[in-house]
Structure formats: C-alpha cells, structure tokens
Amino acid sequence: MLQKLKKIIAGIDADYADLRYEIKTTTKVRMSKGEVKETTSNSGDGFVLRVLKNGGFATICFTREEDADEAIKKVLDNAQMIAENQDNPTKMAAAPVVKDSYKPELIEDPRDYSIEDKIALVKHYSDLYFTQPKVLDASVWYSDVIREKYFVNSEGSEIFEELVSCYLEALVYCKEGDRTEEGYLPMSSSNGLWKLRNRDEDAIKTAKIAHDLLFAENVKGGTYDVILDSSMTGIFIHETIGHLSEADNVENNPSIRQKMQLGTKLGSDILNIIDDANMPDQIACYKYDDEGVEVKRVNLMTNGVITGRLHNRFTAAEFNEPLTGHNIATGYEYDPIIRSGCTFVHSGESLFDDLLKQLNNGLYLCGYMSGMSSGDDFNFAARWGYKVENGKITRMIKACNMSGNIFETLKNITAIGNDLKFNEVNPCSKQQLNLRCSEGGPHILIKNITVGGNV
C-alpha cells in the first residue's frame, strides 16, 4: 500500500504533499435490561491528501483510489486560491524523514475473539449488576476499533501504524420509590482485551454509588475548599491547561496567547502538568501523529510555570517551538487537528488522609460527569461527593457543580496527593469526537471553589 500511495503523490506539483490511507474496522455489542440489543461489525476506508503550494495549504478526503487524479486537481486549485487570498503564506516546520512500521504489543488481540465471546463479556457485567440491591436496569456496551494507517509524504516518509482500541462502558440505574439514580463505569485499553476483564470490584462499586445516591442530599451552594478525586483532577486539567496548550487554540487569540506564553507563572509552585502519549496501557497511546511526526512527552507546566505547548508542523513554525507530534485525526474522514494526548498532573507527596486533615471542613468531589471551559472560565459536574467535617468523610452529597476562573484556580491548588490514576474514557469533542484521549492525576486540594447546588 505504501508504494501505491507514493505513486499517487509522485507527480503532484506542490511544495509539499502528504497522503494518508486508513482502514477502520469497528465491532460493537450492547445489552440493556439483560438482553442483547445490538451487535454490529463495520469496516470502511479512505484517503486524506494535504498539499502546500505557494504558501497556500489545502486538504481533501476521498474514498476511491480511482478518484485520486480528480482529488489532486481540486486540492491544488484550492491551495492556489488560498495562496492568492491570504496575506501571510503558510509555513511548515522541518520534520525528520521517517520509515517505520509499528504495531502495539497486545495482550488478548480482540480480532482473535468471536462476537459470541464479546457478548459473553458484556453479559458477565450485565448479570453482575442485576445481583446488586435496588438495580432497576443496566446498559452495558462493548466496542473495539482497529485502525490500519498508511502515511507517505513528498519528503520521503513512509509509515505504517496500527491502533487497537477496546472499550467497555456501563450505566447502572437504581430505584427507590419515585427516585432513580445512575452510576457509570468506564474501561478502555490500547493494548488488548485483558484490561476489560476481572473488573467485578469496579462494577459493584458503580452499583453501590448509584444505590447510595438514592439517599444522598443535594449540596448546599457556596464557596468551599475541596478535594478532587483523580477523575475530576484529570478532566479539570484536560479541559483547561490541556486545551490551552494546543497551539491552534491560542494561535489566533491575542489575549490567551499572551497569558499562555512560555515562562509565565500560572499555577502554584507544586503543580507539574505533563502530556505523554507514549504510555502503552493508556488509551491515548500512539507512536506517530497523522502528519508523520513521532509523539514526544511534553512538560506543559513545571512548578506552576508554562514550559511547553502541543504542536503540528504549522504551529511549530508559527511559534518557533519544537515539534511534539500532536496532529491527530479521528479517522480517514478527517484532516488532523492538534489534540492533547494523555494529559495529567504529576504525583505529589501527600497521603489522602493528610489531604483530608488539611481540608478539615469542605467537600470531596468524585466521578467526573460533564463540563467544559470557555476562555478563562470552567464549569464541571461531579457525579457524587461527600462532606468532610473535622478531617473526616461524612455524608454523601450530589448535584455538585464546580465553577471558577482557570488561572485563579491553578494558583489555589495547595496540596497534591501521591496517588496518580488515569481516566479510561473521555470522548473529547474538539471539532471531531476523539475516543483515544485520556487524562489523569492524583487527589488535589483546592481552596475557594464555587460549588453550585441548593442555596
């Protein structure tokens, strides 16, 4: 296939061209109310061609090889039109020529298992949920996605990379009288099915949380000191510093670009934030991005100071900063965009019990449910939480929505736990829904957070 792709771009009259061909195969199983509701297997393929000519950059997607000549003509016309209608020509940072073939090491390749095996895996967790008290229903769904990616460019790079993603998620509903509450279980793996097995303890914990929420009280709105669990820490960092570190998000925003200059102190002295998509047991793991650049570990924040940024070849040239390998497409239907990989807060030194003592009176917020950031501000919802009184966890609370200013909050992180964990499923919806995204962190203690609820 790589030779075929090289032949397609060989005659293109441009300063630069790259061509990606991808085969994407998806298998899904879904159960609800103890019954199999869906089993599907789909496969599709397509091409993404990008060219840079006279400073104009354009992209085109097509699905049939016989349409390549027409696609080349259109994308060159578009690049020329862009070049004639922009003041500043697009530039690309130089990148090493790469010739490589990479497949992840898998523990239980999902392709070795039948659809019946996958139904049995889903049924195991579904049956387990219905043994738990007050469970009304459980929806459990499995999916695996196999992506075979072939990449060539006019500079001589030739890369094949295979990405294997496995997911199992569950929503369990508990009912008491006219009140219903839910619990959510996410699992994922980029190195095989093994990580979705033997998770009964996690599943039972999910059902217990849904059960206990039936009897929890709504939090009283106000300003609190809070401890965030690892899922809340991870999503807070992904949606704030993670996205603000994506160079395309700050490139054309003068206010944010000024705030996010390298060397600027934005967080507390103990805060260190990293993006690393090289960890094989995390769902965001990959070796090369979708413009053929090897992904690098990036220290985004060191001791509260901005020290790194995530780039594609265009923004690396614009900012005159090193390439990082973060130009990612969701599939063959899309042009790549800059995306954070696995963004996390580095572990600190505090034991969880020490964090509770330091908090003394406040809230412990757990289980990311939803949220977003916009400009300087953020708003996130926790699935559940607890009141902390005199350094001890007491009553369960719910309807916990926290909000505030990103930059003030980063400075108000006063203690960091030593218990780093990673979230397993966080579909990031930046332009394209990306399931291969992850984040994490340890427990962190933050002062003066606004928490919504009953007043």
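Everything here concerns the structure above.
Remember, it's a predicted structure, so these values are computed and weren't measured experimentally. (Residues numbered from 1 in each chain as written. Predicted model: local features only at pLDDT ≥ 70, side-chain atom pairs only at ≥ 80, totals over all residues. Heavy atoms only, no water.)

**Student:** Provide a residue-level description of the side chain of glutamate 181, including the pertinent values.
**Tutor:** Turning to its location among the elements, glutamate 181 is positioned in strand β7 (residues 179-189). What makes glutamate 181 buried here is its relative accessible area of 16%. Reaching out from glutamate 181, the side chain makes a polar contact with the side chain of lysine 398 at a distance of 2.7 Å. In this structure, glutamate 181 is in contact with Val172, Tyr173, Cys174, Ala210, Leu213, Leu214 and Lys398, ignoring residues within four places of it in sequence. (Helix = DSSP H or I, 4+ residues; strand = E, 2+ residues; numbered from the N terminus. Buried < 20%, exposed > 50% of the residue type's maximum accessible area, 1.4 Å probe, protein only. Polar contact = N/O pair within 3.5 Å; in protein donor to acceptor, adjacent residues only side chain to side chain. Contact = heavy atoms within 4.5 Å.)

**Student:** Give a detailed account of the packing of helix α3 (residues 115-129) against helix α4 (residues 200-213), specifying residues and quantitative values.
**Tutor:** Closest axis-to-axis distance for the α3/α4 pair is 10 Å, and the angle between their directions is 40 degrees. The pairing of α3 with α4 is recorded here as oblique in orientation. Two packed elements cross with a definite hand, and for α3 against α4 that hand is right-handed. Within the contact between the two elements, α3 uses His124, Tyr125, Leu128 and Tyr129 and α4 uses Asp200, Ala203, Ile204, Thr206 and Ala207. (Axes fitted to C-alpha atoms, helices over the stretch in contact; angles between N-to-C directions. Parallel < 35°, antiparallel > 145°, perpendicular 65-115°, else oblique. Left-handed = near helix turned anticlockwise from the far one by under 90°.)

**Student:** I'd like a rundown of helix α5 (residues 230-244), residues and numbers included.
**Tutor:** Between its terminal C-alpha atoms α5 stretches 20 Å, which fits the 21 Å expected from 15 residues at 1.5 Å a residue. Taking the largest bend as the criterion, α5 deviates by roughly 35 degrees, centred on histidine 238. (Expected span 1.5 Å × (residues − 1). Bend = angle between axes of the 7 residues up to and from the residue.)

**Student:** Describe the environment of proline 104, and please don't skip the residues or the numbers.
**Tutor:** Counting through the fold element by element, proline 104 comes out in the loop between β4 (99-102) and α3. Proline 104 sits in the buried class, given a relative accessible area of 17%. Each C-alpha atom, one on proline 104 and one on glycine 192, is 9.2 Å from the other, the two residues being 88 residues apart in sequence. When near neighbours in sequence (up to four residues on either side) are disregarded, proline 104 contacts Glu162, Val164 and Ser190.

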